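Secondary and tertiary structure notes
Chain residues, written in single-letter form:
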Amino acid sequence: MTQSDEYENAVNWLYDLQYFGMKLGLDNTRTLLAELGNPHEKLKTVHVAGTNGKGSVCAILTSILMDAGLKVGTYTSPHLSDFGERICIDNIPMKRPDVLRSVAQIKPRVQALAEIGVQCTFFETTTCMAFRNFARRKVDIAVIEVGMGGRLDSTNVIVPEVSVITNISREHTQHLGETLAEIAGEKAGIIKKGVPTVSAVPEPEPAAVIAEKARKAGSKLHLVHELCQVKTRSQGILGSELSVKTEKHDYGSIRTNLPGTHQATNAATSAVTAEILMDRGIPISFNNIAAGISSARWAARLQLVRRRPDVILDATHNPGGAETLAAFLRTHYSEKPPVLVLAMLEDKEVGPVVKLLEPLASRSIVSQSAYHRRMKAQDLASRFSRSPEVLDSLGSAIDRGIRIAGESGTLLITGSIYSAAEAIEHLNRLRLHEMVSILSGFHGTGAYPGKDPDSAGPPPPGSQDPFRVLISTILSQRTRDENTHMAAEALFSKYRTPAELAAADPRLVEQLIRKAGFYRQKAETVITVSKILRDRHGSAVPKTLDGLTALPGVGRKTANCVLSYGFGIPAIAVDTHVHRICNLSGLVTTANPDDTEAVLSRIVPKDLWHDINRLLVRHGQSVCSPIKPKCGACPISHLCDFGIYSQL
């Protein structure tokens, strides 16, 4: 069984816990946490509840704390593309091997508890996984988003530094109550004795409930609208310029990447919360607060994911969110309404969402996600006053919407977080093919080991001698392509086989490869590798990733170059250029090239694997440079997250 299969089995085991339903209460969580050594008690935390906006506030607070140099855990739900996104440290999702290890450690405890009648649910288990991971990784502070409600939510076992309630509107009425006051009572359940509370709830009825709960708990209540003056000076589809002033500090003008006027309140809420954390000894400054508000990002919330046409992705799924989205559309798209692709869940208040959005679209396409709680497309279509186009496949609906919008139009995809996740997967496939096609024409040639960078066309996969690829790629480390080419040509003019190079005079090898730089170190490496190939492999180059990476000086990038160029085996060779560009573009969120390779191997179609390395390396050398990317000269900036938002 591959590690990928093991991971899928582990995550599916977690998902299977959903069959035990949603259990409101803290007993199971406390019992499981006790089995794990109560990791939550070792953490400093911020607890964020609310109907809408809590994800954005979590993102801004994480950004503020990270700007201060703190190691920050963030627990949010649900995820978009991969389970690990729920449990982030410094905005890097939990890696699959770590998820696999965590499930292996927690699964026996969950099963043992089930045998004595304590059946933990999916959310209870993942919450405990998050606390355990944050404690094990020794984060300085963790930002914890409530799953649903607050009082009986699994996350409510913590005693945070500050509790935050963003807003109150109707949601999950079967669990939280029918009125705003009842819902406010549930969300106010996160208020703890002696722990300060921040509330951004403006409506008198729910605000009164929160105030009374804070009074009874002896929690000092900080009302955002009283403590912070925030105004939207200007706004666009890529973000807003805000003026923010609290009782403690005038932040002046702050540019935020989060579009929509509602983000002004989220920014104010985050500023007030961060100042309370300052008072409680968390080492952050006013400058950190301003920088954190400015740099925060939150995927699938009025996110412009590409241009030509503009494609906006939003996870709106309830009336409150739809009102916010409608206000955004009226402001920016009243003269040129977007094409709407809508796919929702069957347990949501669909009617008000359709009523708000349908009049603001030029055309409507109704579809459905693959999620088991999806609303069937035909049922959703029946809620429209005009007959929308119906396509059961969300991917087909997106393709259709892009064609209708044309290069100068706009496509809006919304309805649920699950629809957004499926849309991201489909849109990534589209833009990867488009990126490779454009870059192939733009660069003509690509970077590939040991070849003249000016030679015409890329070599076909498997067309080069594996030994030459191996040695050339080792020589290419920390040097330019033309220098690698000259060094490789000089070296292979004298030594053509592993046996010949293994017996070479190191001083002569150093002279031959001097153009490659670091020639003494590289000469020693290539001679040592050649000896191993001669003595252990019969002068053959290993044909597996593990066999190649066992050689000294051979990492995954070098090994994958050999597999792809030397053997014609699909492989993605990720160097620093590929790693950086894929993170800038938003294709991945990873900490190092090896992690980037792992993600790319899942999301990049195999027919593009060979091209990804050669084209992105060339692009990183000539256009998307590490110091100052030349977005104005980039032919794929309309497909790149950094390129799109560099226009701010």
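For clarity, every value in this text was computed on a predicted model and none was experimentally measured.

1. Brief notes about the packing of aromatic side chains
Throughout the structure, instances matching the rule amount to seven aromatic pairs. Ring geometry for Phe 83 against Phe 122: centres 6.4 Å apart, planes inclined by 75°, an arrangement best described as edge-to-face. Highlighted residues: Phe 83 in the loop between β2 (72–75) and β3 (87–89) and Phe 122 in helix α5 (residues 122–136), separated in sequence by 39 residues. Judged by relative accessible area, Phe 83 falls into the buried class, the value being 1%. A ring pair is formed by Phe 467 and Phe 492, whose centres lie 6.0 Å apart and whose planes are at 85°; its orientation type is edge-to-face. One end of the pair, Phe 467, is in helix α17 (residues 466–476); the other, Phe 492, is in helix α18 (residues 481–492), with 25 residues separating them in the sequence. Chaining the aromatic ring pairs together yields one cluster made of Tyr 15, Phe 83 and Phe 122. Above the face of the Phe 518 ring, Arg 478 is positioned so that its terminal group lies 3.9 Å from the ring centre.

2. Re the sheet that holds strand β9 (residues 228–236)
Read across the open sheet, the three strands follow the order β9-β10-β11; overall the sheet is antiparallel. At either margin of the open sheet sits one strand with a lone partner, and together these are β9 and β11 (250–256). Taken over all neighbouring pairs, the strand axes of this sheet differ in orientation by 15° on average, direction set aside. Judged from the six bridges that link them, strand β10 (residues 239–246) and β11 form a sheet pairing that is antiparallel. Considered in β11, the bridge of Val 244 is made with Gly 252.

3. A look at the packing of helix α2 (residues 27–35) against helix α4 (residues 96–115)
One can describe the packing of α2 onto α4 by two numbers: an axis separation of 10 Å at closest approach and a directional angle of 130°. One element, α2, and the other, α4, form an angle in the oblique class. Every pair of crossing elements has a handedness; the one defined by α2 and α4 is right-handed. Here Thr 31, Leu 32 and Glu 35 of α2 lie close against α4, whose contacting residues are Ile 106, Arg 109, Val 110 and Leu 113. A class-by-class count of the residues in the contact of α2 with α4 yields four nonpolar, one polar and two charged.

4. Considering unusual backbone geometry
The peptide bond linking Ser 77 to Pro 78 adopts the cis configuration, its omega dihedral lying at -10°. Turning to its location among the elements, Pro 78 is positioned in the loop between β2 and β3. In the segment running from Arg 308 into Pro 309, the intervening peptide bond is cis, with an omega of 0°. One can find Pro 309 in the loop between β12 (303–306) and β13 (310–313). Residues other than glycine seldom take positive phi values, yet Arg 478 does so here, at roughly 60°.

What counts, and at which threshold
Residues numbered from 1 in each chain as written. Predicted model: local features only at pLDDT ≥ 70, side-chain atom pairs only at ≥ 80, totals over all residues. Heavy atoms only, no water. Phe/Tyr/Trp six-rings, centres within 6.5 Å; stacked < 30°, edge-to-face > 60°. Helix = DSSP H or I, 4+ residues; strand = E, 2+ residues; numbered from the N terminus. Buried < 20%, exposed > 50% of the residue type's maximum accessible area, 1.4 Å probe, protein only. Lys NZ or Arg CZ within 6 Å of the ring centre and 35° of its normal. Pairing = 2+ DSSP bridges. Axes fitted to C-alpha atoms, helices over the stretch in contact; angles between N-to-C directions. Parallel < 35°, antiparallel > 145°, perpendicular 65-115°, else oblique. Left-handed = near helix turned anticlockwise from the far one by under 90°. Contact = heavy atoms within 4.5 Å. Nonpolar A, V, L, I, M, F, W, Y, C, P; charged D, E, K, R; others polar.

Everything listed here is a matter of geometry and, on its own, says nothing about what the molecule does.
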